[in-house]
Amino acid sequence: MTHPPRRADTLFQDVWLPEETRRIRAEVREFAQDVIRPVAHQLNTTPESKEAFPRNSDAMARAGLYAIPYPADVGGRGLEFPTLATLTVLEELGYYSRGLASALYDGQAILVGKTLEKAPAHLRNKYLPALIRGEFVGSFATSEPEASTDLSVASMQTVATQVAGGWRINGRKRWITNSAVADWIVVLCRSGERLTMLMADMHAEGVSVGKPDLKMGNHAQLTSDVVFDNVFVPDDHVVGTEGGGLRVALGALALGRMGIGAIGVAMAQAAFDHAADYMCKRKVFGQELARMQHWQYLFAEHAVGLEQARSLYQKAGYRYDVEGSAEVEAAMAKLVGSRLAVDVARDAIQVCGAYGFVRELSATGELMPLESIYRDAKIGEIYEGANEIQKWVIARNIFGRAYTG
Ligand SMILES: Cc1cc2nc3c(=O)[nH]c(=O)nc-3n(C[C@H](O)[C@H](O)[C@H](O)COP(=O)(O)OP(=O)(O)OC[C@H]3O[C@@H](n4cnc5c(N)ncnc54)[C@H](O)[C@@H]3O)c2cc1C
């Protein structure tokens, strides 16, 4: 597949980003170009199966990418702005494969890794270095068949019951990223009238995992049901405090949401670049599409959207690094980035016509990227808190809980 010039390099100026973050962008871009780009079409179009799980986590670990979000005491890079850097990694990986970025970085490094940062010292100090070295695959499980957006105690059906020396888990989790190949899972359970997060061994007796779901997009991100049948978890595998599981889950999800915003920017930029290049070459009625004011103005609007969405995820990450929270910015970054990805992918396909709609052109063997970007973009508006929930978070910050609930 040919890759057009990256318009962001001339349109978007990283004038205020710390030198540290710019270095990370350059480093990860080189990795993504060398390692992900050659297999991107295959990752983005091969239907889900255990065999098709992207085994790129080893290469990512060897390149030190999993060290970027973490402090030096667990083998991380100890960056001054780790969240900003982590989101930049997601944009660079997601430019070529959204599924891979979601599964192996947003899922592994943010949802699992940032949850483990809240684990007791003996778990944190053992498993975070192992995650950074790429020694295990992890899953993060809050969603269930009947509860996902609503993570209230009343909705949660997976139950952890205290027994001698630990807990027994019974229940079913659904849509669990990486579970088909995972070694460990952090799982949110009802424990009495509270929710508790436990770290369970995926190879323990009583754990079974379904076949990967066949989805509209993000094929490189395998999701499956995980069933817990009286699975034992020792006492010292409670992550956070007993009864404090929701706080732990929401903490990781707040960062994950910024990540979905960054991946949205990545998809939008990739579709934008492909279409802008095509518009300069394809002639209709004797002139290039890029000469038509209709398309010039539409892509000018999308350039503004990209600037806004990128600035939002960067501000969210920066504020989180400086102040330790960025709830409104995270919600805005997720909302705007994921929506932009769908909008730009749709318009990019429209201007490329049939050449946008096709995945592989039989006559020439050419591989086209827009079809998979359009399919992959949709889930960004749904997962890690549907976009309606992001609006609710923003509204809550305008009117207060007394009005919004
Ligand atoms: C590819 C993929 C990967 C995933 N990975 C994981 C994972 O690793 N771990 C995990 O735990 N889960 C995971 N999920 C689950 C995902 O987070 C949920 O699908 C998502 O939270 C939405 O939940 P739901 O699908 O049950 O929709 P529901 O909760 O049933 O909501 C349906 C729709 O209702 C609307 N809605 C909901 N609440 C409100 C409201 N208050 N106001 C207005 N509208 C509302 C929204 O539009 C929402 O999309 C994944 C899902 C997919 C598809």
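Values in this document were obtained by computation on a predicted structure and should not be read as measured data.

### Some thoughts on the domain arrangement of the protein chain
Now for step 1: Taken domain by domain, the protein chain consists of domain 1 (8-137), domain 2 (139-245) and domain 3 (247-404).
Now for step 2: The straight-line distance from the C-alpha centre of domain 1 to that of domain 3 is 19 Å.
Now for step 3: The residue inventory of the side of domain 1 that touches domain 3, partitioned by class, reads 13 nonpolar, eight polar and five charged.

### Quick word on the site of the ligand
Now for step 1: Among the 22 residues in the neighbourhood of the ligand, the closest are listed as S143, S148, T149, W175 and T177.
Now for step 2: Residues that form the shell around the ligand fall into these classes: 10 nonpolar, nine polar and three charged.
Now for step 3: Residue assignment places the shell around the ligand across two domains, with domain 2 (139-245) and domain 3 (247-404) each supplying three or more.

### Focus on helix α8 (residues 245-281)
Now for step 1: Across its 37 residues, α8 extends 54 Å between first and last C-alpha, which sits within 8% of the 54 Å expected from 1.5 Å per residue.
Now for step 2: For α8, the buried fraction is high: 29 of the 37 residues fall into the buried class.

### Focus on unusual backbone geometry
Now for step 1: We note that N218 has phi near 45 degrees; this positive angle belongs to a residue other than glycine.
Now for step 2: By the element assignment, N218 lies in the loop between β6 (207-209) and β7 (223-234).

### What to know about the packing of helix α10 (residues 327-352) against helix α13 (residues 387-399)
Angle between the axes and distance between the axes: these two values describe a pair of packed helices.
Now for step 1: It is at 9 Å that the axes of α10 and α13 come closest, and there the two elements cross at 145 degrees. Relative to α13, the crossing made by α10 is left-handed. Taking contact as the criterion, the partners of E327, V328, A331, M332, K334, L335, S338 and R339 in α10 are, on α13, N387, Q390, K391, V393, I394 and N397.
Now for step 2: Across the contact of α10 with α13, the residue classes break down as six nonpolar, four polar and four charged.

### Points about the nonpolar core
Now for step 1: Among the nonpolar cores identified, the biggest contains 121 residues, and L198, A271 and A345 are the most heavily contacted of them.
Now for step 2: With 20 residues, α8 is the largest single contributor of residues to this core.

### Observations concerning the environment of N170
Now for step 1: The topology assignment puts N170 in strand β3 (residues 166-177).
Now for step 2: Judged by the 16 C-beta atoms lying within 10 Å of it, N170 is partly exposed.
Now for step 3: Expressed as a C-alpha distance, the spacing of N170 and Q157, which sit 13 residues apart in the sequence, is 8.5 Å.
Now for step 4: Sequence-distant contacts of N170, defined by excluding residues within four places in its chain, comprise V159, F228, D229 and N230.

### Points about the packing of helix α2 (residues 19-36) against helix α5 (residues 82-94)
Now for step 1: Interaxial distance between α2 and α5 falls to 9 Å at its minimum, and their mutual angle equals 30 degrees. As far as their axial angle goes, α5 and α2 are roughly parallel. The way α2 lies across α5 gives a crossing that is right-handed. On α5, the residues that touch E20, T21, I24, R25, V28, R29, A32 and I36 of α2 are L84, A85, T88, V89, E92 and L93.
Now for step 2: Along the lines of polarity and charge, the residues of the contact of α2 with α5 split into eight nonpolar, two polar and four charged.

### Side note on the pairing of strand β2 (residues 159-163)
Now for step 1: Sheet topology note: the β2/β3 ladder contains five bridges and is antiparallel. By the bridge assignment for β3, Q162 is matched with W167.
Now for step 2: The hairpin turn running from β2 into β3, its antiparallel successor, is two residues long, and G165 in that turn takes a positive phi close to 80 degrees.

### Regarding helix α9 (residues 293-323)
Now for step 1: Helix length check: α9 (31 residues) gives 44 Å between terminal C-alpha atoms against 45 Å at 1.5 Å per residue, within 8%.
Now for step 2: Phi for G324, located one or two positions after α9, is positive at around 85 degrees.

### Points about the environment of A386
Now for step 1: If you trace the backbone, A386 turns up in the loop between α12 (370-380) and α13.
Now for step 2: Residue classification places A386 among the partly exposed positions, given that 15 C-beta atoms sit within 10 Å.
Now for step 3: Each C-alpha atom of the pair A386 and T83 lies 22 Å from the other, and the pair is 303 residues apart in sequence.

Reading guide: rules and limits
- Residues numbered from 1 in each chain as written.
- Predicted model: local features only at pLDDT ≥ 70, side-chain atom pairs only at ≥ 80, totals over all residues.
- Domains from an automatic or database assignment.
- Nonpolar A, V, L, I, M, F, W, Y, C, P; charged D, E, K, R; others polar.
- Near = placed C-beta within 6 Å.
- Helix = DSSP H or I, 4+ residues; strand = E, 2+ residues; numbered from the N terminus.
- Expected span 1.5 Å × (residues − 1).
- Buried ≥ 20, exposed ≤ 12 C-beta atoms within 10 Å, placed from the backbone.
- Axes fitted to C-alpha atoms, helices over the stretch in contact; angles between N-to-C directions.
- Left-handed = near helix turned anticlockwise from the far one by under 90°.
- Contact = placed C-beta atoms within 7 Å.
- Core = buried A, V, L, I, M, F, W, Y, C linked by C-beta atoms within 7 Å.
- Parallel < 35°, antiparallel > 145°, perpendicular 65-115°, else oblique.
- Pairing = 2+ DSSP bridges.

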